[in-house]
Amino acid sequence: VQLQACGGGLVQTGGSLRLSCAASGRTFSNYDMGWFRQAPGKEREFVARINWSGGITNYADSVKGRFTISRDNAKNTVVLQMNGLKPEDTAVYYCAARGTGYTYAYYVTGSYPYWGQGTQVTVSS
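These numbers were taken from a predicted model, which means no experiment stands behind them.

A. Structural context of the overall build of the protein. Looking only at helices and strands, one finds 0 helices and 11 strands in the protein. Counted from the first residue to the last, the protein has its helices and strands arranged as β-β-β-β-β-β-β-β-β-β-β. Here the C-alpha radius of gyration of the protein, 13 Å, is about what a compact globule of 125 residues would show, namely 14 Å. Seen through its C-alpha atoms, the protein measures out along the principal axes to roughly 40 × 25 × 25 Å. Put simply, the protein has 125 residues, and 43% of those count as buried. When contacts within the protein are restricted to residue pairs at least 6 apart in sequence, long-range pairs at least 24 apart make up 57% of them. Carbon together with sulfur atoms contributes 48% to the accessible area of the protein, which is approximately 6300 Å² in total. The average position of the 12 basic charges and that of the 7 acidic charges among the side chains of the protein differ by 5 Å.

B. Examining the environment of Val47 more closely. Checked against the element boundaries, Val47 lands in strand 5 (residues 45-50). Judged by its relative accessible area of 0%, Val47 falls in the buried class. The spacing of Val47 and Ala60 is 13 residues in sequence and 5.1 Å in space, taken between C-alpha atoms. If we ignore the near neighbours within four places in the chain, the residues touching Val47 are Trp35, Phe36, Arg37, Asn58, Tyr59, Ala60, Val63, Phe67, Leu80 and Tyr93.

C. Looking closely at the nonpolar core. With 35 residues, the main nonpolar core has Met33, Trp35, Leu80, Met82 and Tyr93 as its most contacted residues. Every element with two or more residues in this core is listed here: strand 1 (2-6), strand 3 (17-24), strand 4 (31-38), strand 5, strand 7 (67-72), strand 8 (77-82), strand 9 (91-99) and strand 11 (119-124). In terms of residues, this core owes the most to one element, strand 9, which gives 5 residues. Dropping the residues within four chain positions of it, Leu80 is found in contact with Leu17, Arg18, Leu19, Trp35, Val47, Ala48, Phe67, Thr68, Ile69 and Tyr93.

D. Broad picture of unusual backbone geometry. Phi at Asn76 takes a positive value of approximately 55 degrees, unusual for a residue other than glycine. Relative to the assigned elements, Asn76 resides in the loop between strand 7 and strand 8.

E. Representation of a nonpolar patch on the surface within the structure. A contiguous nonpolar surface patch, about 420 Å² in accessible area, is contributed by Tyr102, Tyr104, Tyr107 and Val108. Inspection of the secondary structure assignment puts Tyr107 in the loop between strand 9 and strand 10 (114-115).

F. Region of the structure containing the packing of aromatic side chains. Tallied over the entire structure, the rule returns 8 aromatic pairs. Both rings, one in Tyr106 and one in Tyr107, keep their centres 5.4 Å apart while their planes meet at 85 degrees; by these two values the pair is edge-to-face. These aromatic residues form a ring-pair network of at least three members: Phe36, Phe46, Tyr94, Tyr106, Tyr107, Tyr112 and Trp115. Seen from the ring of Tyr94, Arg44 lies directly overhead, with NZ or CZ sitting 3.7 Å from the centre. Sitting over the ring of Tyr112, Arg98 keeps its end group 5.2 Å from the ring centre.

Rules and cut-offs
- Residues numbered from 1 in each chain as written.
- Predicted model: local features only at pLDDT ≥ 70, side-chain atom pairs only at ≥ 80, totals over all residues.
- Heavy atoms only, no water.
- Helix = DSSP H or I, 4+ residues; strand = E, 2+ residues; numbered from the N terminus.
- Rg over C-alpha atoms; globule rule 2.2 N^0.38 Å.
- Buried < 20%, exposed > 50% of the residue type's maximum accessible area, 1.4 Å probe, protein only.
- Contact = heavy atoms within 4.5 Å.
- Areas by Shrake-Rupley, 256 points an atom, 1.4 Å probe, with all protein chains shown as cover.
- Lys, Arg positive; Asp, Glu negative; His and termini not counted.
- Charge placed at Lys NZ, Arg CZ, Asp CG, Glu CD.
- Core = buried A, V, L, I, M, F, W, Y, C linked by side-chain atoms within 4.5 Å.
- Patch = residues over 30% accessible without salt bridge, like charges linked within 9 Å, V, L, I, M, F, W, Y side chains within 5 Å.
- Salt bridge = Lys/Arg side-chain N within 4 Å of Asp/Glu carboxyl O.
- Phe/Tyr/Trp six-rings, centres within 6.5 Å; stacked < 30°, edge-to-face > 60°.
- Lys NZ or Arg CZ within 6 Å of the ring centre and 35° of its normal.

Listed below in structure tokens is the structure:
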């Protein structure tokens, strides 16, 4: 499956951004989807995950209550709505996909074999 993320940009503290990831090449509903981020000098970290049907979502503690992940299987897209942005949210954001049969924990970067190219999010203070 090929992934294309977009929607990043520059926003002030407290602002909002909506990231979108479009998938192509395979049946989208066969994949759990995740968002990860990587700040300069830091390791890539888990942000949010949604299962194949959209019925189960998980979030990193740092974004819980501010970010919302959703998907539209008819449009082959997954969205990360980010509200209440903080400077520490500044990073390159990546969407990722893995098959529903994976048993690795959803927050493990290595459990996702498919990655998009990343989109930059910068939050100014």
